[in-house]
Amino acid sequence: MFQSVPQSEEILMQRANALAGMTLTNLANKCEFTLPNSVLHAKGWVGQLLEHALGATSGSKPQPDFPELSIELKSIPVTSQGTPKESTYICVVQLSPYDQANWEQSLVRKKLSKVLWIPYEVNDKIPFAARRIGTPILWQASTCELQQLKTDWQELSDLIVLGKLHMITASIGKYLHIRPKAANAMSQTRDKNRLASENITLPRGYYLRTSFTKQILQST
DNA sequence: GCGTGATCATAA
DNA sequence: TTATGATCACGC
């Protein structure tokens, strides 16, 4: 479908709007993507289909999907009521002291600078292939939202810098929280905020709570 | 293993 | 039903 990088926000939005109402089968056919037999073994498939359809190029680099536009693309599964079904992964929790230095330069802040949300319906009665893509929403956090995100990030970052990552649970943070992000519970990484003798830990990621993304989708 | 794309599975 | 912790796939 679209394979070139969108040169402006307007072009990106035109493309995104053109997808609204299409089923996953419609879009997969146009992009020459093969529909997975089961979502279980294709968890990120919808996101990658949308990236391709809109011309995103970042791949797995730790930066927004459209770096020239500072726009991050997020597909988001919603119920027939428009409520998000899942929390939204933002980025990995980096574990070097400098990464927690300041909010403005954090990976979370950069990823959430501006987000193009593309909802798609998820409902037990609708087969995966028949799910429809919804109306895109280009979002920027309000001053109030940004303040809370910063507060959450700061609280979590303080714990990390103090070597207390192991004390962080998913219940910390109003909008933003930290949860495991790994192949499985055996995965390991090093937390450079701790002594070498005790720094092996499970890789983690930052996620947005559904209560917050629900607010985002309804505000527009 | 790291970082991307996420959803699954079950305890609460 | 929801939130937390665990898991799946891919490129490098």
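None of these values were measured; they are calculated from a predicted model.

Cut-offs and rules
- Residues numbered from 1 in each chain as written.
- Chains lettered and ligands numbered in written order.
- Predicted model: local features only at pLDDT ≥ 70, side-chain atom pairs only at ≥ 80, totals over all residues.
- Heavy atoms only, no water.
- Near = heavy atom within 4 Å.
- Polar contact = N/O pair within 3.5 Å; in protein donor to acceptor, adjacent residues only side chain to side chain.
- Nonpolar A, V, L, I, M, F, W, Y, C, P; charged D, E, K, R; others polar.
- Helix = DSSP H or I, 4+ residues; strand = E, 2+ residues; numbered from the N terminus.
- Axes fitted to C-alpha atoms, helices over the stretch in contact; angles between N-to-C directions.
- Parallel < 35°, antiparallel > 145°, perpendicular 65-115°, else oblique.
- Left-handed = near helix turned anticlockwise from the far one by under 90°.
- Contact = heavy atoms within 4.5 Å.

Attention now goes to the protein's contact with DNA strand C. Residues in close proximity to DNA strand C total 18 residues, the closest being His41, Lys43, Arg179, Ala182 and Ala185. Looking at DNA strand C alone, sugar and phosphate atoms form 49% of those within 4 Å of the protein. Histidine 41 is positioned such that a nitrogen or oxygen atom in its side chain is 2.6 Å from a phosphate oxygen of DNA strand C. Contact distances for DNA strand C include 2.7 Å between a base nitrogen and a side-chain N or O atom of arginine 179. Its residues assigned to classes, the surface near DNA strand C comprises 8 nonpolar, 6 polar and 4 charged.

What surrounds DNA strand B is a group of 28 residues, the closest being Ser75, Tyr120, Lys181, Thr189 and Tyr207. In DNA strand B, the atoms that sit within 4 Å of the protein are 66% sugar and phosphate, with bases accounting for the remainder. For DNA strand B, a base nitrogen lies 2.8 Å from a polar atom in the side chain of tyrosine 207. Among the secondary structure elements, those contributing two or more residues to the surface near DNA strand B are helix H3 (45–54), strand S1 (72–78) and strand S2 (88–92). The element best represented in the surface near DNA strand B is S1, accounting for 4 residues. Taken together, the residues that form the surface near DNA strand B break down as 9 nonpolar, 9 polar and 10 charged.

Before going further, it helps to spend a moment on the packing of helix H2 (residues 24–31) against H3. The geometry of H2 relative to H3 is characterised by a closest axis approach of 10 Å and an angle of 50° between their N-to-C directions. Comparing the axis directions of H2 and H3 gives the class oblique. At the point where H2 passes H3, the crossing takes the left-handed sense. Residue-level inspection shows Leu24, Leu27, Ala28 and Cys31 of H2 in contact with H3, the latter providing Trp45, Val46, Leu49, Leu50, His52 and Ala53. Classifying every residue of the contact of H2 with H3 by side-chain character gives 9 nonpolar, 1 polar and no charged.

Such coordinate-based values are descriptive only and should not be taken to indicate function.
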